[in-house]
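Fold and geometry: a report
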Amino acid sequence: MIWDPDPEDLLEERVRELLERMTPEEKIGQLCLVNGAGGHVPDSLRWDIAGGHVGAVLNEVDLGTVNELQRVAVEESRLGIPLLIGRDVIHGFKTVFPIPVGQAATWNPDLIERGARLAALEAAAAGVNWTFAPMIDIGRDPRWGRIAETLGEDPHLASVLAVAMVRGFQEGALSEGHGIAACVKHFAGYGASESGRDYNTTDIPEIELRNVHLPPFRAAVDAGVASLMTSFSDLNGVPATANALLLEQILREEWGFDGFVVSDWDSVPQLAVHGLTADDRESAYEAAIAGLDMEMASGTYREHLATLVAEERISPHRLDAMAANVLRIKLRLGLSDRWHTDPGVFPVPGDPEHLDAARTTAVQSAVLLVNRDGVLPLSTHELESLAVIGPLADEPAEQLGTWVFDGDPQLSVTPLQALRELLGGSVELRYVRGMEMTRSWSTEGFAEAVDAVRGSDATVLFLGEEAILSGEAHCRADIRLPGVQEELIAELHAIGKPLVLVVMAGRPLALESVVDQVDAILYAWHPGSMAGPAIADLLFGEQSPSGKLPVTFPRVTGQIPIYYAHKNTGKPATPENVVHIDEIPRGADHHSAGGSSFHLDAGHTPLFPFGHGLTYTEFEYSDIRTSREVVSVGETLAVDVDVTNAGGREAEEVAQLYVRDPVASVTRPVRELKGFQRIRLAPGETRTLSFELHTDDLAFHGRDMRRRTEPGRFHVWIGGSSQAHLGTEFEISHPSEE
Ligand code: BGC
């Protein structure tokens, strides 16, 4: 068998020819994704592959072993079909980039595409040809540990960045043999797990599913993603792994997807645990008829599909369609020419170009939340001594974040190392860990930290969360800084010297109780291998911060869910009608406090809104204007604005465009992001930005679930965050339905 990438019109013929030659068992084999043994080929796996019972292997990155597995598939199995070799290449491989939510804070699709491309090259060097990424679940609950893996809370931002990642991974996959197949996950609704507890139930009205959770998946499908992974979660009573509305109606019938869908780890037998089925055989049946092509890790397809087909409960036609979906992708990947991997053609770990890209991404992902009196950037000319305090200042592995199976901590440069290098002998550096870990309860190390801070001109504190506190199954019910970190901040604040807080964490933390006790907050997420140089450059003004929040930061955990694109309610809160619990006098009349939608102890605003991020200069927005006052459905409108760098430093800004449809047949969010542009301006420079808005960008799914743009007046704003106040209006003149 010759395996080469065929032109698309021949591809279906090739798939058909193959299916004709395959036994039912061989077809089922293509649907089985099994776990590797980690560095060797057990006899049982060798026999299974040679017998055509396995179509894909995950978690095997020892190159010699991968090459041997592929050799067995190609040379010893009857049809010689190569294997898919899957791995979680989530934010880098050996070189680690910022965690995905940090990458989303760059609002820079080009950088993200490049990061995925470099990760794909490093992974392909280990024989990996398929990544379980990007994760594009909408993340609106920072208690959920997997918010770290998301591209944030917004459907538009996540869609644009999802497409960038898919392109980055897959580019060259078809012809050059260097790209790898992507797999968007988790289809769908996983981010809405109740109370932010992983794997929990989700209840999402279909209209919200379509308007909020599905757009990134649709964008990825349109961009040619090879595969999708189902979610572990129960969606409105039918777990995603057996959900025909998702897998059949929406994905295949409405979107026309022709790649394959894989389950999550063991999520097929878990259908019985959910209570949808009685046993493994029924689980295999429900998943297969709902549209799940490939099973990860567990063996219910292998055990039961043949019987289900023999009993005519699953038609041969359905089995063929499932196998065809997998074969189509294998053919498109051109695996025949690349099943054997020669490491010599790939860059070696530690390649300076890769580290440099990781550094740039880390720089652009850091968000300057607060900068009182311009305390940042620090200056080597003005400081004689600097205290560096905290359990995360010098932790090569923790700065990498979650999902770094292959990340190499040896490549990490920590903030302490980078600051030492940057400062050389010019500024005396005093380092005190202060706490053993971020989650420690001992205050034993405080005295030494206090001494160092007293004896220094300024302090940088490295606090937050270790990598283990976020990621899969690592959720928190209280998202304040863990351990005694708040107490440490309070003690150091009392000294009265400039105090800069750098937070490394896998989620937004609730920082309200510390926000007034520090002079600056730089939110670095888990920045990856090059955390140190990136942070040092930002602290000392070698680079200006340019990250913007891809998620809303609540004041306190109890505000969750809190996101910018909320509905207005019938009683929206305003600064005038919000009352704080401390302001209510004794015996106050019930009507004197309240009357609108807020919390007595947290108000109605977040601590930091979506899109927020400061820098070392000021950007001013002026003269917003539309190319026309009225557009018809199907037409495009230009919205222009002038942006001026009114400060004294060159810097980058992410200009964001938001719209509101104030009257519609279903209530719409108070604002929705529809466009953004990253620009770099010199001091004093003004640039006119032009955003194109097609009326289709304003479409939404209505009561009948169909997508439509409704006529009427729209508001539009452009600015540096979701609270941009410079706005205008325009009108759409005719209704339409797709
Ligand atoms: C996760 C997936 C991941 C898979 C394979 C599961 O537990 O939910 O996101 O791709 O494991 O490692």
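Each chain carries its own residue numbering, running from 1 in the direction its sequence is written. In keeping with the predicted nature of the model, local features appear solely for residues at pLDDT of at least 70, side-chain atom pairs appear and are counted solely at 80 or more, and the whole-chain, interface and lining totals rest on all residues. Excluding hydrogens and water, the side-chain values take into account all heavy atoms of the structure.

**Observations concerning the pattern of salt bridges**
- A pair is scored as a salt bridge if a Lys or Arg side-chain nitrogen falls within 4 Å of a carboxyl oxygen belonging to Asp or Glu. For the structure shown, the criterion picks out 47 salt bridges.
- Residue Glu 75 is joined to Arg 71 by a salt bridge in which the shortest nitrogen-to-oxygen separation is 3.1 Å. In this pair, Glu 75 and Arg 71 are both assigned in helix H4 (residues 63-76), 4 residues apart and thus about one turn of the helix distant.
- Note that Asp 293 is salt-bridged to Arg 252, the shortest N-O span being 2.8 Å. One end of the pair, Asp 293, is in the loop between helix H12 (280-290) and strand S10 (295-296); the other, Arg 252, is in helix H10 (residues 244-254), and 41 residues separate them in sequence. Arg 252 shares its class with Asp 293; the two are buried.
- Each of the salt bridges in this network shares a partner with another, and the network as a whole consists of Arg 46, Glu 68, Arg 71, Glu 75 and Glu 76. A run of DSSP states H or I qualifies as a helix once it reaches four residues; a run of E qualifies as a strand once it reaches two. Both are numbered from the N-terminal end. The rule is simple: take the accessible area with a 1.4 Å probe, protein chains only, and divide by the maximum for that residue type; under 20% is buried, over 50% is exposed, in between is partly exposed.

**Side note on the side chain of Ser 365**
- Residue placement: Ser 365 occurs in helix H15 (residues 352-365).
- Among residues more than four places away in sequence, those in contact with Ser 365 are Pro 98, Gly 102, Gln 103, Ala 105, Thr 106, Tyr 523, Trp 525 and Gly 547. The criterion used for residue contact is that any of the two residues' heavy atoms lie within 4.5 Å.

**Focus on the nonpolar core**
- Trp 130, Phe 169, Phe 187 and Leu 305 are the most contacted members of the largest nonpolar core, which totals 105 residues.
- Side-chain atoms within 4.5 Å link the members of a nonpolar core, which is a set of buried Ala, Val, Leu, Ile, Met, Phe, Trp, Tyr and Cys residues. In this structure, Val 367, Phe 446, Val 453 and Leu 549 belong to the second largest nonpolar core, which totals 45 residues.

**Focus: the site of the ligand**
- When we say a residue is near a molecule or strand, we mean one of its heavy atoms is within 4 Å of it. For the ligand, the full set of nearby residues is Asp 88, Phe 132, Arg 146, Lys 185, His 186, Met 229, Phe 232, Asp 264, Met 296, Trp 403 and Glu 472.
- Polar contact is defined as a pair of N or O atoms within 3.5 Å, subject to the rule that within protein one atom must be able to donate a hydrogen and the other to accept it, and that residues adjacent in sequence are counted only when both atoms are side-chain atoms. A distance of 2.8 Å separates an oxygen atom of the ligand from a polar atom in the side chain of Lys 185.
- Relative to its unbound accessible area of 310 Å², the ligand is 93% covered by the protein chains.
- Tallied by class, the residues present in the shell around the ligand amount to 5 nonpolar, 1 polar and 5 charged. Throughout, the Shrake-Rupley method with a 1.4 Å probe supplies accessible areas, and for residues the shown protein chains are the sole cover considered. Amino acids outside the nonpolar list (Ala, Val, Leu, Ile, Met, Phe, Trp, Tyr, Cys, Pro) and the charged list (Asp, Glu, Lys, Arg) are all regarded as polar, and Gly is one of them.

**Topic: the pairing of strand S13 (residues 428-432)**
- Where strand S12 (residues 385-389) meets S13, 5 bridges bridge the pair, whose relative direction is parallel. Its bridge partner being in S13, Leu 386 is matched across the sheet by Leu 429.
- The crossover handedness rule: strands pointing away from the viewer, path from first strand over the helix to second strand clockwise, crossover right-handed. Taking the sense of rotation as the criterion, the β-α-β connection linking S12, helix H16 (residues 415-423) and S13 turns out right-handed. Paired strands, as defined in this entry, are two strands with at least two bridges between them according to DSSP.

**Focus: the packing of H16 against helix H20 (residues 531-539)**
- For helices, the fitted axis covers only the stretch in contact; all axes are lines through C-alpha atoms, and the angles between them, taken along N-to-C directions, range from 0 to 180 degrees. Look at H16 against H20: their axes get within 7 Å of each other, and the N-to-C directions meet at 50°. Relative to H20, the element H16 lies oblique. Between H16 and H20 lies a crossing of right-handed hand. The segment H16 lies against H20, with Pro 415, Ala 418, Leu 419 and Leu 422 engaging Gly 532, Pro 533, Ile 535, Ala 536, Asp 537 and Leu 539. Here the angle decides the label: under 35 degrees means roughly parallel, over 145 means roughly antiparallel, 65 to 115 means roughly perpendicular, and every other value means oblique. When the near helix sits turned anticlockwise from the far one by under a right angle, the crossing is termed left-handed; a clockwise turn instead gives a right-handed crossing.

Everything listed here is a matter of coordinates, which is why it stays silent on function.
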